[in-house]
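The chain contents come next:
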Amino acid sequence: FLQPLLTFADGNVFGINDVNISSLFVLQIKKDRDTVFVEELQRLKAPYKTSKKGFVPKDIRFVKLGEQNFVSSLNMGNGCFFTLFDSSLQPISRFGDAPVKDDLSPYVMRSRLSGKTASNQESFFYATTDLPYLASYSLHDGDMVKDWEIFYKTPYYGISDGDIKYIKEKSTGPMKDMKVDDKYIYILYLDQLLSEYDYANTEKSCANKIFVFSHEGEKVACLNLNCRLSNMAIDSKKGKIYGIAEIPDVSLVEFTMPDELTE
């Protein structure tokens, strides 16, 4: 790989997008007796053509949607925030609205409104990193339809000179990770004012809360952590949340889910 990006995981199948050559490798972890190995299932390439009219963006983060499709974030606005692909990674349609309705440049769209994406069956979820925004789309008769969107905390921002400006004394820190299982959406979130946030300080940069939502967008729980995490993994069947903590040392930590969140 030249520029690999782990872009989705579905059981023991995962995808790596080689950003430099716009190719998605679908890989599977297998076991033969005592040997664990990785097998390549598919190697897909997204088609892009140069344009004399200006910048032609590339889709970056792919997730698998059901058995036949992929979705990727594009962040271009004007109803073209995401791309729906078929099983061979040929584009079918653009869809999706930006959480900010003001006119913003493509650069601001892609940088300020980037975030995490995840899928479950034929439902697709998107949460922005800097805005407390969560949206759900699903596939209906070949078209992607928005089911709902919410701001799960009050956003404090304004638009100035075509850019998003956050009020640091009121806005909270970024969302760090999102995971989805068959029942819930988990948002790893830094509940801390931006005025106190320090990218150079690990203690102030990791997340300390997990918000849990149903697939219908209803808030189910807020889990307060006793340490700060940079990302997480969910095992709802075992009732466990795993995370990478960076304070005081990098370590793998484990939490037991509340009974109402376990299967």
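Look up: the structure comes first, before these words.
Residues numbered from 1 in each chain as written. Predicted model: local features only at pLDDT ≥ 70, side-chain atom pairs only at ≥ 80, totals over all residues. Heavy atoms only, no water.

Draft legend 1. Up close: the overall build of the protein. When you go through the protein residue by residue, the secondary structure sums to 1 helix and 20 strands. Taking 263 residues into account, the globule formula puts the C-alpha radius of gyration at 18 Å, and the protein, at 19 Å, falls close to it. If you line up the protein on its principal axes, its C-alpha atoms span 60 × 45 × 35 Å. Out of the 263 residues belonging to the protein, those deemed buried represent 46%. Sequence-distant contacts in the protein: of pairs separated by 6 or more residues, those separated by 24 or more amount to 39%. (Helix = DSSP H or I, 4+ residues; strand = E, 2+ residues; numbered from the N terminus. Rg over C-alpha atoms; globule rule 2.2 N^0.38 Å. Buried < 20%, exposed > 50% of the residue type's maximum accessible area, 1.4 Å probe, protein only. Contact = heavy atoms within 4.5 Å.)

Draft legend 2. Spatial organisation of the sheet that holds strand β4 (residues 35-45). Strand order in the open sheet made by the 4 strands is β1-β2-β3-β4, with antiparallel pairing throughout. Of all the strands in the sheet, the pair left with one neighbour each is β1 (4-10) and β4. Between one strand axis and the next, the sheet turns through 25 degrees on average, direction left out of account. Pairing of β1 with strand β2 (residues 13-18), which is carried by 6 bridges, proceeds in the antiparallel orientation. If you follow P4 over to β2, its bridge partner there is D18. (Pairing = 2+ DSSP bridges. Axes fitted to C-alpha atoms, helices over the stretch in contact; angles between N-to-C directions.)

Draft legend 3. Geometry of the side chain of T172. Secondary-structure assignment places T172 in the loop between β14 (163-166) and β15 (175-180). Its relative accessible area of 17% is what places T172 among the buried residues. Here Y189 takes part through its side chain, which lies 2.2 Å from a polar atom of the side chain of T172. In this structure T172 touches K153, Y189, L190, D191, Q192, L193 and L194, once residues within four positions along its chain are discounted. (Polar contact = N/O pair within 3.5 Å; in protein donor to acceptor, adjacent residues only side chain to side chain.)

Draft legend 4. The sheet that holds strand β19 (residues 240-245), seen in detail. Strand order in the open sheet formed by 6 strands is β15-β16-β17-β18-β19-β20, with antiparallel pairing between adjacent strands. Only two strands of the sheet have a single partner each, and these edge strands are β15 and β20 (251-256). Strand-to-strand, the axes of this sheet are offset by a mean angle of 30 degrees, without reference to chain direction. Bridging between strand β16 (residues 184-189) and strand β17 (residues 207-214) involves 6 bridges; their strand directions are antiparallel. Following the sheet pairing, I187 is matched in β17 by F211.

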